[in-house]
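# Fold and geometry: a report
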Amino acid sequence: MIAKISGGKSTAGLIRYLYGPGRANEHTAPHLVASWDGYAPDPGRTDDVTAARKLLVADLDLRVKQARRLGRAPEKHVWHCSIRAAETDPILSDEKWADIARRVVAATGISPTDDPDGCRWVAVRHAPDHIHIAATKVRGDLRTARHWNDYLTADRELAAVETEYGLHQVARGDRTAAKRPTRAEQEQAHRNGQAKTARERLRATVRTAVAAAASIEEFVHLLSNVDGMLVEVVYFPSGDVRGYKVARTDDTNAGGEPVWFSGSGLAPDLSFPKIRERLNGIDTQPIERPGRRKPNPWHQATAAVERIPHHLDQAGDVAAQGHLAAFGEALDALPLVAPQELRHQLREATAMFERATRSRIHAEHHHTRALRSAVRTMLREPAPKDSTALAMFLDAAILVVTAAARWHQLHHHDQQVAAAQQTLIHLQAAYDQAAAEPLAALALNRPPQQTADRHIRHLRQAVPEHAEQIVEDAAFSTLSGALAKAEAAGHDPEQLLRQAADQRALDDARSPARTLAWRIQRLSARPAPSARARAAMVRSSVQRPTVSTHAAAVAPALRSPRAPRR
């Protein structure tokens, strides 16, 4: 169940709306299900609706008028709370809705249990799936009700109601979500023929600019060059930048003036201080060493993304939150470089994952410079000729989102978990489309069975814990093709498999064979090692165990001293 709470100045206006037809004739048979004393007049059960409404308003406003004569009435004396059930919930009876209304007004401080001076209130039902509570905030002792944090207290009470009544468990937030568009903003977007409100479109544009910029100056420049975008930088009297605000030329008020939004008004992490913190220290120029090829920024970004699940498991919370924020920026940048046919799914994934990039945990960003720098360099390079690099990145991104959902779940971030799960749907769709052609090309390189058998032996040596699963994977031919291609370029297939397996765990991979194939292709894009380097690798592999360092360190701790080795 979800509660929405607001305040107002007119009791009569609210009661008139609750007993009226609604904005789109959606109100059906409005009637009271509960009230402060059980005897309030009900305009829904009388022939003279107008007279009954006046009586009800007078009863609700009685203490407000008394307090007003003493100069003690609050300016906004109306308290309005709507409570809506989920679409999958059963239709509740009036008696159950009445119980829910009493619990909410008690929990929020509007009318505490066994308090004879509680505020006057009524609960009106005019649809099967929700009720409205209308209250006046003056108590019987003519003091104003104490209802601080009423949204949180109502939300906690509704969570208990869901458990007791067996209703759908709503994902609870931590008040770090971006502000939802108002009804007025939604109606304005509808009138303008826009699918999303100006606030939502501005938020997406600003997030993309942050992902692409390497400095505050570049951030402002990018925003200023977006069609239909207005940007204004706000300064302190000292001349230092205080913040910024943005608007769209197609979003104006009644006077024809643009409707401006501050960065923090778009989302908590888009305030000027937060953006400045994220952009601090970004270097878009890759380090070039004499005699070595310029590193591929797509490969660098993918490698950095592949390390994020490990960071989520091993790093502290503030570092983990920073990695999620940096990964969110990487997703924001993808639509700028992706083929046109993939941009819709990627934009939807970006919009969904935005919620999973924020929590109450403060993010440390200095741990994520490698990913941020690689992404910004990637944006400045010519777009790849095919979708191979994008498919590699998306394969790694899917496992990051899976790990992010698990991390948020451990921290009881319900809304972030739901956002990550929704992100997976769109990322998987984009990956399937991007990977189809390059995977088919790799599969065409499938070597003879004798070579494939040798690759299977290499697998059993390099990744024994996953070898059988990989061999039985439908994408094994793709992996074998990637190994054959790498071997033809002078690489050692077993050594490549060891490197690929050590980069990141395969436990969350939907297709370990495909994941290894992407890593093999990325690793084999580097020049093949010389004969002396290969000899050194062989000596190193002989000296080290076949399992990863992490697994070798953990395994003895999991075994009993006398347990037989498997």
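Every value quoted in this text rests on a predicted model; they were computed, and no experiment measured them.

## Brief notes about the overall build of the protein chain
- Counting its regular elements, the protein chain contains 23 helices and 8 strands.
- Expressed as a percentage of the 566 residues in the protein chain, the buried residues total 48%.
- By element, 50% of the accessible surface of the protein chain is carried by carbon and sulfur atoms, the whole surface being about 28,800 Å².

## Looking at the environment of A52
- Position of A52 among the secondary structure elements: in helix α2 (residues 49–69).
- Residues A52 and A40, 12 residues apart in the sequence, show an inter-C-alpha distance of 9.7 Å.
- With sequence-adjacent residues up to four places away left out, A52 is seen in contact with P41, D42, P43 and T46.

## Section: the sheet that holds strand β4 (residues 121–127)
- Taken together, the 5 strands give an open sheet; going across it, the order is β1-β3-β5-β4-β2, and neighbouring strands pair in antiparallel fashion. For this open sheet the edge positions go to β1 (2–8) and β2 (31–35), each flanked by a neighbour on one side alone. Sheet twist, expressed as the average angle between the axes of neighbouring strands with direction ignored, equals 20 degrees.
- In this fold helix α4 (residues 150–165) packs onto β1 and β3 (78–84), with an angle of close to 150 degrees to the strand it touches most, β1.

## Digging into the confidence of the model for the protein chain
- Looking at the protein chain, pLDDT values average 86 and 90% of them are 70 or higher.
- Confidence over residues 530–534 falls short of pLDDT 50; this stretch has 2 contacts with residues more than four positions distant or in other chains.
- When the criterion is pLDDT under 50, residues 536–566 qualifies, and its contacts beyond four places in sequence or with other chains add up to 14 contacts.

## Quick word on a positive patch on the surface
- Taken together, the side chains of K4, R23, R180 and R183 define a basic patch exposed on the protein surface.
- Tracing the backbone through its elements, the reader meets K4 in strand β1.

## So, the packing of helix α12 (residues 317–337) against helix α14 (residues 369–380)
- Contact pair α12 / α14: the axes reach a minimum separation of 10 Å and the direction vectors enclose 5 degrees. On the basis of the axis angle, α12 is roughly parallel to α14. Where α12 abuts α14, its residues A325, A326, F327, E329, A330, A333, L336 and V337 lie against L371, R372, V375, R376 and L379.
- Of the residues in the contact of α12 with α14, the class split is 10 nonpolar, no polar and 3 charged.

## Digging into the packing of helix α10 (residues 297–306) against α14
- Between α10 and α14, the least distance of the axes is 8 Å, while the angle of their chain directions is 150 degrees. Our classification of the angle between α10 and α14 gives roughly antiparallel. The chirality of how α10 crosses α14 is left-handed. Contact residues: α10 offers P297, W298, Q300, A301, A304 and V305, while α14 offers L371, A374, V375, T377 and M378.
- Along the lines of polarity and charge, the residues of the contact of α10 with α14 split into 9 nonpolar, 2 polar and no charged.

## Quick look at the sheet that holds strand β6 (residues 229–235)
- One open sheet accounts for 3 strands, arranged β6-β7-β8; its pairing is antiparallel. Each end of this open sheet is capped by a strand with a single partner; those strands are β6 and β8 (261–262).
- Pairing geometry for β6 and strand β7 (residues 241–248), over 7 bridges, is antiparallel. Paired with L230 across the bridge in β7 is A247.
- On top of the sheet, helix α7 (residues 216–224) reaches β6 and β7; it is set at about 150 degrees to β6, its chief contact.

## Brief notes about α10
- Counting buried residues in α10 gives 8 out of 10 residues, a clear majority hidden from the surface.
- The set of residues buried in α10 consists of P297, W298, H299, A301, T302, A304, V305 and E306.
- Where α10 begins, the capping side chain belongs to N296, and its oxygen is found 2.8 Å from the backbone nitrogen of W298.

Reading guide: rules and limits
Residues numbered from 1 in each chain as written. Predicted model: local features only at pLDDT ≥ 70, side-chain atom pairs only at ≥ 80, totals over all residues. Heavy atoms only, no water. Helix = DSSP H or I, 4+ residues; strand = E, 2+ residues; numbered from the N terminus. Buried < 20%, exposed > 50% of the residue type's maximum accessible area, 1.4 Å probe, protein only. Areas by Shrake-Rupley, 256 points an atom, 1.4 Å probe, with all protein chains shown as cover. Contact = heavy atoms within 4.5 Å. Pairing = 2+ DSSP bridges. Axes fitted to C-alpha atoms, helices over the stretch in contact; angles between N-to-C directions. pLDDT = per-residue confidence, 0-100. Patch = residues over 30% accessible without salt bridge, like charges linked within 9 Å, V, L, I, M, F, W, Y side chains within 5 Å. Salt bridge = Lys/Arg side-chain N within 4 Å of Asp/Glu carboxyl O. Lys, Arg positive; Asp, Glu negative; His and termini not counted. Charge placed at Lys NZ, Arg CZ, Asp CG, Glu CD. Parallel < 35°, antiparallel > 145°, perpendicular 65-115°, else oblique. Nonpolar A, V, L, I, M, F, W, Y, C, P; charged D, E, K, R; others polar. Left-handed = near helix turned anticlockwise from the far one by under 90°. Polar contact = N/O pair within 3.5 Å; in protein donor to acceptor, adjacent residues only side chain to side chain.

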